[in-house]
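# Report on the structure
Below are the chains, spelled out letter by letter.
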Amino acid sequence: MHVWGVKPKNCASQIFLTHNFRYRYCRMLEEGSFRGRTADFVFMFLFGGLLMTVFGLFVNLVFLGQAFTIMLVYVWSRRNPYVRMNFFGLLIFQAPFLPWVLMGFSLLLGNSIIVDLLGIAVGHIYFFLEDVFPNQPGGRRLLRTPSVLKAIFDTPEDDPNYNPLPEERPGGFAWGEGQRLGG
């Protein structure tokens, strides 16, 4: 019996892979193309989540975690087109093919590819509106991070007059002031 496109025997491995990919590609996006732009990163999450929820209603999907992960993978892969990937030592390919390879792997596991296609579609819409369309002749930026998100999430490090307080002891511990071990 399939529950939301997942066979019970693959559920644990799929959850592990989904969390692993979500952590990895979320981190690479945050440290890469979204470095210093936390509000834009949060806006991508909100935009993707809203679009997936709307599209998910049309295909009767309830759990969209895997689709969200594929969206993150898609955006990262399109922003890093020259990175060479190695899939289980069997396939070597450029990063933009990663979402499609993952979809093929999901298909081999016997899962529905609707979830993967949803993530790829939402990732492509975000990538197109954020990175492609503004650079076209006559194009403009259609996605703008709301100022309320910038006020909440962006740090005042962009302000040239901002001077953070110095940290005397990182983490609140007296590092290097311990006792000698041994004798």
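Cut-off values and rules
- Residues numbered from 1 in each chain as written.
- Predicted model: local features only at pLDDT ≥ 70, side-chain atom pairs only at ≥ 80, totals over all residues.
- Heavy atoms only, no water.
- pLDDT = per-residue confidence, 0-100.
- Contact = heavy atoms within 4.5 Å.
- Patch = residues over 30% accessible without salt bridge, like charges linked within 9 Å, V, L, I, M, F, W, Y side chains within 5 Å.
- Areas by Shrake-Rupley, 256 points an atom, 1.4 Å probe, with all protein chains shown as cover.
- Salt bridge = Lys/Arg side-chain N within 4 Å of Asp/Glu carboxyl O.
- Helix = DSSP H or I, 4+ residues; strand = E, 2+ residues; numbered from the N terminus.
- Expected span 1.5 Å × (residues − 1).
- Core = buried A, V, L, I, M, F, W, Y, C linked by side-chain atoms within 4.5 Å.
- Buried < 20%, exposed > 50% of the residue type's maximum accessible area, 1.4 Å probe, protein only.

This part is about the confidence of the model for the protein chain. Interpreting fine coordinate detail is not advised for predicted regions of low pLDDT. Scored by pLDDT, the protein chain has a mean of 77; 74% of the residues are at 70 or more. Counted against residues more than four places away or in other chains, residues 1–9, with its pLDDT under 50, gives 14 contacts. In this model residues 167–176 is a low-confidence stretch, pLDDT under 50, and it forms two contacts with partners more than four residues away in sequence or in other chains.

Taken together, Leu50, Val54, Phe55, Phe58, Val59, Phe97, Trp100, Ile114 and Leu117 make up a surface patch of nonpolar side chains, about 870 Å² in accessible area. Position of leucine 50 relative to the elements: it lies in helix α2 (residues 38–58).

If you check helix α5 (residues 114–132), its first and last C-alpha atoms are 25 Å apart, about what 19 residues at 1.5 Å a residue would give, namely 27 Å. Elements in contact with the buried residues of α5: α2, α3 (65–79) and α4 (98–108).

This part takes up the nonpolar core. Core analysis: the biggest nonpolar cluster contains 40 residues, and Leu29, Met44 and Met52 have the highest contact counts within it. Every element with two or more residues in this core is listed here: α1 (11–31), α2, α3, β1 (84–87), α4 and α5. For methionine 44, the residues in contact, after removing those within four places along its chain, are Leu29, Phe34, Met71, Leu72, Val75 and Tyr126.

Turning our eyes to something else, we now look at the pattern of salt bridges. Under the criterion given, the structure shown has three salt bridges. Of the charged contacts, one joins arginine 37 and aspartate 40 as a salt bridge, the two residues approaching to 2.7 Å between their closest N and O atoms. Between arginine 79 and aspartate 131 there is a salt bridge, with the nearest N and O atoms lying 2.7 Å from each other. With arginine 79 in helix α3 and aspartate 131 in helix α5, the pair connects residues that are 52 residues apart, well separated along the chain.

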